[in-house]
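Notes for the structure review
Chain residues, written in single-letter form:
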Amino acid sequence: MRGRAWKFGNDVDTDAVIPGRYLIYNTPEELAKYTFEGVRPEFAKNVHENDIVVAGNNFGCGSSREHAPLALKGAKVACVIAKSFARIFFRNAINIGVPVLECPDTDRIDDGDELEVDLATGVIENKTKGETYQATPLPDFVREIVDEGGLIEYARKLVSER
């Protein structure tokens, strides 16, 4: 996957991803219109399919609601790369079908950098700077869940194969 980096800092909570007043919406497409509204008002209008969210430590902290990864999925974000994730956000993102990678080098990535990401190996190439970073790759079974679009779709596939 290849896309432009949208850079955020540490402790980006789920209310920053999707403000609570928009929890009346439940589809990724509806939620996408308000993604990062309070912290990056330009995000929803300027994000492109396959763009990549990059952050520091503890991305997705706060509430356990699934609306945050749903909003990112609706915005067609290719993946989220952070130094670390709140545990429940990490699980929700995988279950929704949004790839997440932990990488210690997110400080070296700037807003607008062009990135190429290999989920299988965890290799992140910064095409803008000519640098390469190593993220923790997702295990094969987790990548299968993400590749199918989330846990429900993955389970449907398993049931249909029997």
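Everything below is about the structure printed above this text.
Structure report, in brief. Computed from a predicted model, the values in this text were never measured in an experiment. (Residues numbered from 1 in each chain as written. Predicted model: local features only at pLDDT ≥ 70, side-chain atom pairs only at ≥ 80, totals over all residues. Heavy atoms only, no water.)

1. Digging into the packing of aromatic side chains
Aromatic rings considered in pairs are described by the distance between their centres and by the relative angle of their planes. Across all of its chains, the model carries 10 aromatic pairs by this definition. Ring plane angle 70 degrees and centroid distance 4.7 Å describe the contact between Trp 6 and Phe 43, whose orientation is recorded as edge-to-face. Placement of Trp 6 in strand β1 (residues 2-7) and of Phe 43 in helix α3 (residues 43-46) is noted, with a sequence separation of 37 residues between them. Overall, the relative accessible area of 4% leaves Trp 6 in the buried class. Their ring planes at 75 degrees and their centres at 5.2 Å tell us that Phe 59 and Phe 89 sit as a pair that is edge-to-face. Here the residue Phe 59 occupies a position in the loop between β2 (52-55) and α4 (67-74), and Phe 89 occupies one in helix α5 (residues 87-96), the gap between them amounting to 30 residues. Taking the relative accessible area as the measure of exposure, Phe 59 reaches 0% and is therefore buried. The class for Phe 89 is buried, based on a relative accessible area of 2%. (Phe/Tyr/Trp six-rings, centres within 6.5 Å; stacked < 30°, edge-to-face > 60°. Helix = DSSP H or I, 4+ residues; strand = E, 2+ residues; numbered from the N terminus. Buried < 20%, exposed > 50% of the residue type's maximum accessible area, 1.4 Å probe, protein only.)

2. Topic: the environment of Ser 64
Position of Ser 64 among the secondary structure elements: in the loop between β2 and α4. On the basis of relative accessibility, which here comes to 49%, the residue Ser 64 falls in the partly exposed class. The spacing of Ser 64 and Tyr 154 is 90 residues in sequence and 22 Å in space, taken between C-alpha atoms. Excluding residues within four positions of it along the chain, Ser 64 makes contact with Ile 88 and Asn 92. (Contact = heavy atoms within 4.5 Å.)

3. Things to note about the environment of Asn 58
Secondary-structure assignment places Asn 58 in the loop between β2 and α4. Excluding its chain neighbours within four sequence positions, the residues that come into contact with Asn 58 are Asp 11, Val 12, Ser 84, Phe 85 and Ala 86.

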